Amino acid sequence: MKCSPYRKRYILIKGARNDLNMAVRDIYREFGAKEKYRDENYSIVLGDQFSKEYILSYARRKLKSVSVLRVSGTIKKCKNIIKNQER
């Protein structure tokens, strides 16, 4: 089951609002990963487990203005990190 194509990964990204919009559009255009949640300067993008490493390396190389905070299997963990960061 670990190599199942149904397993999804949520990627938590942080950046300025304009930079975040551009980054989410670029990630969607390159990998088809969709934005599922947005809160101020945070965005959660949903991708599959096979493109996870490619998205992370793309964000490190091309998207210098945003940072990837966490990759998780559930959106709840990513939302908890956002709540803890805001405190």
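As a starting point, this report considers the structure included with it. Model, not experiment: these values are computed from the prediction. (Residues numbered from 1 in each chain as written. Predicted model: local features only at pLDDT ≥ 70, side-chain atom pairs only at ≥ 80, totals over all residues. Heavy atoms only, no water.)

**Some remarks on the pattern of salt bridges**
On inspection of all chains with the given rule, the structure shows 4 salt bridges. The partner of Glu40 in a salt bridge is Arg17, and the shortest N-O contact between them spans 3.8 Å. Of this pair, Glu40 sits in the loop between β2 (34-39) and β3 (42-48) while Arg17 sits in helix α1 (residues 17-31), and the two are 23 residues apart along the sequence. The exposure class of Glu40 is exposed, given its relative accessible area of 51%. A salt bridge links Glu53 to Lys52; the shortest N-O distance between them is 3.7 Å. (Salt bridge = Lys/Arg side-chain N within 4 Å of Asp/Glu carboxyl O. Helix = DSSP H or I, 4+ residues; strand = E, 2+ residues; numbered from the N terminus. Buried < 20%, exposed > 50% of the residue type's maximum accessible area, 1.4 Å probe, protein only.)

**Quick word on helix α3 (residues 75-86)**
In this model α3 runs 17 Å from its N-terminal to its C-terminal C-alpha over 12 residues, within 8% of the 16 Å that 1.5 Å per residue would give. Of all the residues in α3, the buried ones are Cys78, Ile81 and Ile82. The buried side chains of α3 occupy one side of the element, clustering within an arc of 100 degrees when seen end-on. Seen from the buried face of α3, the exposed residues on the opposite side, beyond 90 degrees, are Lys76 and Lys83. On its buried face, α3 sits against β1 (8-15), β2, β3 and β4 (66-72). (Expected span 1.5 Å × (residues − 1). Arc of directions from axis to C-beta. Contact = heavy atoms within 4.5 Å.)

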